[in-house]
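Single-letter residue listing:
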Amino acid sequence: MDDNNMGDNSMSDNNAEMWQGQNIVNCHDYPIHDNSSAERAALVSRYRQQLDENLYCSLPNFIRPAALQAMAAEAKTLRSKAYDNRSRRNCYLQRSEDASLPDNHPRNIMQDASTRMIAYHLLPQNSPLKTFYHWPAVRELLADIVGNQPLYDNEDLYQPANYVCYNDGDQSSWHFDSDNAFTVTLMVQPAERGGNFELSANTRSDADQNYDHVAKVLLGEADDTVQAVGREAGELCIFRGCHSLHRVSQVAGDTMRIMGVFVYESAPGVVGNAEVNETVYGIAR
Ligand SMILES: O=C(O)CCC(=O)C(=O)O
Ligand SMILES: [Fe+2]
């Protein structure tokens with residue numbers, strides 16, 4: 001080793017230091033590691049209320065700049081191993097139409113999506129994204145905000161924490177997330193242009209699929225219900241994607257949009273479905 005470089009303790013220095021939760025999260029503004037602090041309790045109640053009212057909440061500057069840079073660098077390094085996931089799909093994430101239903105039924109409104117998926121098994125042991133995901137303070141904060149006590153890590157080989165990358169021309173079409181009662185994303189690097197996260201809150205409920213309204217959102221006839229959710233680098237977003245149609249508008253420019261996506265469960269030992277892993281990550285069954 002070059003003597004001149006000795007003593008440089010920065011996290012970017014050959015990953016010499018192990019990442020720890022407290023080096024990743026901006027614990028100054030978000031003292032989430034201290035369960036007994038009044039500040040933490042205030043954060044929980046503020047974001048819980050936002051989530052209840054808007055079906056999403058976002059926590060700006062949640063990640064320290066050095067960790068964010070390391071995440072962006074990691075995603076760029078792994079980009080060549082990503083699965084290029086292109087599909088024409090409906091908002092229920094199905095790729096085939098239903099001939100028994102009319103053309104204007106949401107089940108038959110097909111739209112194009114393309115994203116680049118970096119699955120969990122590609123992340124190195126000292127990955128900042130992985131360390132963030134497994135930090136109990138993060139999981140416990142999310143559990144308190146979404147109100148599902150307690151939460152558990154997902155134990156699938158591919159699903160727990162991913163980078164989803166969007167290059168020039170990529171987009172995610174209107175969809176509902178399946179299964180999970182909430183979705184957690186972290187903006188690692190926004191696009192130069194486009195790549196806006198748009199959401200039409202409460203488009204359906206467990207009791208009512210609300211097909212007429214869903215079709216209007218898909219066809220651009222209910223734009224007054226669509227909100228653009230701002231996403232700066234380092235912003236953590238929690239949203240109820242299962243009941244609210246959402247999409248990412250087309251990305252333009254040379255800067256890759258990099259998003260961290262995390263899956264938590266309300267029971268221990270949950271693994272993903274092989275068919276889902278095949279379509280999302282290109283993993284052969
Ligand atoms: O990239 C985003 O902002 C949202 C991605 C998304 O729809 C999801 O993770 O379910
Ligand atoms: Fe989604």
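Scroll up a little and you will see the structure.
On a predicted model such as this, the values are computed, not experimentally measured, just so you know.

1. Quick word on the packing of aromatic side chains
- A full pass over the atoms with the stated rule returns 9 aromatic pairs.
- Judged by centre distance (6.2 Å) and plane angle (90°), the ring pair of phenylalanine 62 and phenylalanine 132 falls under edge-to-face. Remark: phenylalanine 132 occurs in helix 4 (residues 128–134) and phenylalanine 62 occurs in the loop between strand 1 (56–59) and helix 3 (65–78); sequence separation between them is 70 residues.
- Their ring planes at 50° and their centres at 5.3 Å tell us that phenylalanine 132 and phenylalanine 262 sit as a pair that is tilted. With phenylalanine 132 in helix 4 and phenylalanine 262 in strand 14 (residues 257–262), this residue pair connects regions lying 130 residues apart in the sequence.
- Given the relative accessible area of 1%, phenylalanine 132 is considered buried.
- When its relative accessible area of 3% is taken as the criterion, phenylalanine 262 is described as buried.
- Ring-pair connections join several aromatic residues into one group, and the members of that group are Tyr30, Phe62, Phe132, Tyr133, Phe262 and Tyr264.
- Residue placement shows arginine 204 over the ring face of phenylalanine 176; its charged tip is 3.9 Å from the ring centre.
- Over the ring of tyrosine 166 we find arginine 257, and its NZ or CZ is 4.9 Å from the ring centre.

2. A word on the sheet that holds strand 10 (residues 226–229)
- Strand order across the open sheet formed by 4 strands is 6-12-9-10, with antiparallel pairing between neighbours. Single-partner strands in this sheet number two, and they are strand 6 (172–175) and strand 10. Within the sheet, the average angular offset between the axes of one strand and its neighbour, ignoring direction, is 15°.
- As judged from the 2 bridges shared by strand 6 and strand 12 (residues 245–248), these two strands associate in the antiparallel manner. The residue of strand 12 that forms the bridge with serine 172 is valine 248.
- Its contacts with the sheet place helix 6 (residues 211–218) against strand 6, strand 9 (197–200) and strand 12, and it is angled at close to 15° to strand 12.

Each value, and the rule that gives it
- Residues numbered from 1 in each chain as written.
- Chains lettered and ligands numbered in written order.
- Predicted model: local features only at pLDDT ≥ 70, side-chain atom pairs only at ≥ 80, totals over all residues.
- Heavy atoms only, no water.
- Phe/Tyr/Trp six-rings, centres within 6.5 Å; stacked < 30°, edge-to-face > 60°.
- Helix = DSSP H or I, 4+ residues; strand = E, 2+ residues; numbered from the N terminus.
- Buried < 20%, exposed > 50% of the residue type's maximum accessible area, 1.4 Å probe, protein only.
- Lys NZ or Arg CZ within 6 Å of the ring centre and 35° of its normal.
- Pairing = 2+ DSSP bridges.
- Axes fitted to C-alpha atoms, helices over the stretch in contact; angles between N-to-C directions.
- Contact = heavy atoms within 4.5 Å.

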